Every structure is written in structure tokens, then in C-alpha cells.
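Coordinate analysis (summary)
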Amino acid sequence: MNMKNISLLLSTTILLLAVSSCKDKKKTTSDKEKNKVVCNCPKIRVCASKQAMAAKKERCQAWHNQKLEAKNPKAEKIKLKKKELYLTKVNPIGVVKYFRPDNSLACREVDLNGDGLMDLFYFFDTSGKIKIEAHQDEDRDGIIDRKTIFRNGVVRKELFNTDGDENTWEIEKTYNNGIITQIAYIVINPPGSPERVCSKYNYYENFDANGKLISISWDIDCDGDMDKVINEKGEYSSEEYKKFNLKADKSIKARQLKPEDKSIKP
Ligand SMILES: [Ca+2]
Ligand SMILES: [Ca+2]
Ligand SMILES: [Ca+2]
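Residues numbered from 1 in each chain as written. Chains lettered and ligands numbered in written order. Predicted model: local features only at pLDDT ≥ 70, side-chain atom pairs only at ≥ 80, totals over all residues. Heavy atoms only, no water.

1. A short note on the overall build of the chain
Looking only at helices and strands, the chain has four helices and 13 strands in total. Put simply, the chain has 266 residues, and 40% of those count as buried. Within the chain, residue pairs in contact and separated by at least 24 positions form 33% of the contacts whose partners lie at least 6 positions apart. On the chain, roughly 16,500 Å² of surface is accessible, and the fraction owed to carbon and sulfur atoms is 53%. (Helix = DSSP H or I, 4+ residues; strand = E, 2+ residues; numbered from the N terminus. Buried < 20%, exposed > 50% of the residue type's maximum accessible area, 1.4 Å probe, protein only. Contact = heavy atoms within 4.5 Å. Areas by Shrake-Rupley, 256 points an atom, 1.4 Å probe, with all protein chains shown as cover.)

2. As for the coordination of the calcium ion (ligand 3)
Bound to the calcium ion (ligand 3) are the protein donor atoms Asp219 (OD), Asp221 (OD), Asp223 (OD), Asp225 (O), Asp227 (OD), Asp227 (OD) and Asp249 (OD), situated 2.1 to 3.2 Å from the metal. Read in sequence order, the donor residues coordinating the calcium ion (ligand 3) give the pattern D-x1-D-x1-D-x1-D-x1-D-x21-D. (Donors = N, O, S within 2.8 Å, 3.2 Å for Na, K, Ca; no water.)

3. Here's the deal with unusual backbone geometry
One non-glycine residue with positive phi stands out, namely Arg140, at about 55°. Within the element layout of this structure, Arg140 appears in the loop between strand 5 (131-136) and strand 6 (146-151). Even without glycine at this site, Cys222 takes up a positive phi of about 60°. Mapped onto the fold, Cys222 is located in the loop between strand 11 (213-218) and strand 12 (225-231).

4. So, the confidence of the model for the chain
Per-residue pLDDT for the chain has a mean of 82; in total, 78% of the residues score no lower than 70. pLDDT under 50 marks residues 1-21. Its contacts with residues more than four places away, or in other chains, come to 18 contacts. (pLDDT = per-residue confidence, 0-100.)

5. Topic: the coordination of the calcium ion (ligand 2)
Summarising the metal site, the calcium ion (ligand 2) is bound by the protein donors Asn161 (OD1), Asp163 (OD), Asp165 (O), Thr168 (O), Thr168 (OG1), Glu170 (OE) and Glu170 (OE), whose distances to it range over 2.1 to 2.6 Å. Considered as a linear motif, the donors of the calcium ion (ligand 2) on their single chain read N-x1-D-x1-D-x2-T-x1-E.

6. Here's the deal with helix 2 (residues 50-57)
Where helix 2 is concerned, the buried positions are Ala52, Met53 and Lys56. Seen from one end, helix 2 has its buried residues packed into an arc of 100°, which puts them on one side. In this structure, helix 2 carries Lys50, Gln51 and Lys57 as exposed residues pointing more than 90 degrees from its buried face. Buried positions along helix 2 lie against helix 3 (59-71) and strand 4 (120-124). (Arc of directions from axis to C-beta.)

7. Describing the state of the cysteines
By definition, a disulfide links the sulfur atoms of two cysteine residues through a covalent bond. Applying the stated criterion across every chain, the model contains two disulfides. Paired by a disulfide, Cys60 and Cys107 hold their sulfur atoms 2.0 Å apart. Residues Cys60 and Cys107 share a disulfide whose torsion about the S-S bond is about 90°; that sign makes it right-handed. Highlighted residues: Cys60 in helix 3 and Cys107 in strand 3 (residues 105-110), separated in sequence by 47 residues. On the basis of relative accessibility, which here comes to 1%, the residue Cys60 falls in the buried class. Cys107 sits in the buried class, given a relative accessible area of 1%. The residue that forms a disulfide with Cys198 is Cys222, at a sulfur-sulfur distance of 2.1 Å. What sets the handedness of the Cys198 and Cys222 disulfide is the S-S torsion sign, and at about -85° it is left-handed. (Disulfide = S-S within 2.5 Å.)

8. Section: the side chain of Arg59
With respect to the element layout, Arg59 can be found in helix 3. Relative accessible area serves as the criterion here: at 8%, Arg59 is assigned to the buried category. Not counting residues up to four positions away in its chain, the partners in contact with Arg59 are Phe121, Phe123, His135, Gly142, Ile144 and Glu166.

9. Comments concerning the pattern of salt bridges
Under the definition given, this model contains nine salt bridges. Put simply, Arg146 and Glu158 hold a salt bridge, and the shortest N to O gap is 2.8 Å. One end of the pair, Arg146, is in strand 6; the other, Glu158, is in strand 7 (residues 154-160), with 12 residues separating them in the sequence. What makes Glu158 buried here is its relative accessible area of 12%. A salt bridge links Lys157 to Glu172; its shortest N-O distance comes to 2.8 Å. Here Lys157 is found in strand 7, whereas its partner Glu172 is found in strand 8 (residues 171-176), with 15 residues between them in sequence. Looking at Lys157, the relative accessible area reads 23%, which means it is partly exposed. Glu172 sits in the buried class, given a relative accessible area of 17%. (Salt bridge = Lys/Arg side-chain N within 4 Å of Asp/Glu carboxyl O.)

Take a look at the structure:
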């Protein structure tokens, strides 16, 4: 067995130990503590559910299948060819590339910290040259925390996952030619609101063509219509709302945007 194989085996063993260690910890947790499972794994180890790990391993193939199906539901599934690129002896799998049968690049996966787990996933168009999406797992739990969508190779949207559920994105940033135009959030409504958390975006920050914040609006009763607006004039304007693609409640309250009013989140 050469050094490369030994280090790969060692890394895999460490990973398996780490996953089983996290699993064992969960098993021994009492009912009372079910919601606050703490993993004592050392930093290099990874605490993630089996499902999240499996999804991470098959992310490229699954994404490719989804795109094919969206174009043509009857399209035949294509098995991508995998090519692993070993960077160093301590970094057993640095980059993995997946190719279509015509040899165009479908995905590129990157292990940023050398723990053998992929952290960054790039997905390419059928030419294999233009990036369509990038997914990033920022805390090595197997769940994607940030998704970037490109148009003509330039960032169009950035989606952030703050609740560990990849089916919902809690923050959405929209760009026009690389300049921010809107940030949509799901924020907690004030006490006394009909619903404290809406199922869709309920707070928007809107920017002008230069990326300057000019308006903030908030739907506090989750009906999809904005109830509060803060803008430069301190008045509700239906024209302005149309521009931002937002609807307003009849009783919408407006106040003036002050210099200290800033984006609530980065
Ligand atoms: Ca994550
Ligand atoms: Ca989510
Ligand atoms: Ca509303």
C-alpha cells in the first residue's frame, strides 16, 4: 500500500469514527435533552446526519439529474464520470470533477480544508465552461448554507440557509450586473403579530442602481402585502412599490429613512 492509499484509508477511518461518535452521542441523550444535542467531537471531526452526508456525496449527480428532468421529464438519466484529483498526501481528495459523456465539465467539487469532505460545489452549463450555480457548506455539517446563482457567469442571486433546511432559503440577495438590487429576509414579527414567523419572505431592503439602500418594507401579518415602509420621502408610493415588485396593505404606514437606518443583516 503506497502513501497515498494509507493517508486516504487513515482519513476515511477518522471520518467514520467521527460520524459514529456523533451518532453514539445522540443515542445516549435523554428525552429532555433531545433538542440540545452537543457534540464533543474534536474540531477536525464532523457531526452530520447520515442523510446530509449522503446528499453531499451525491450532490453533483442529483443536481445534474434535476436539470435534465426539468428540461425533459422523460430524459434518460446520465451517469457522470468522476475524476478525483489528489493535491497532497495530507489532503487526500482536494478536487473532484464530474464529466458528462461528451466530456464537458458538469461539476467541480472542492475540499477547502483537507478533511476529505467537499465544501464547495460548482455546477456548469452544457458547454462545461460557464458556471450556473455554486453551493457552499460553510460549517462542514453536510448541509448547504449558501447557494449562488449566476447569469452569464455573473452573480444574479445569493441564497442563505439559516435553519439547516435546504428546501427553504431564509435570505435572498438579488443582483443586477453584480450590483445589489434587493435583499429579502424572513424575519421574526413583533410580539402581538398574528404570526411571529412567516413562511415566505416578509422583510425587504431595496437599493438604487448604484447599490444604495433607499427603502425598507415589512409585512408583519404574513399576508404577502407590506404593512410598513421606510423610504427617503417617508411616503408610500405605489409606483415605487411596483418597481420593487412588492404589494402593499391599504393601511400601510410610512416613515422617513434616516441616515442611521442600515441593512439589518450583512
Ligand atoms: Ca452547513
Ligand atoms: Ca432553510
Ligand atoms: Ca401584510
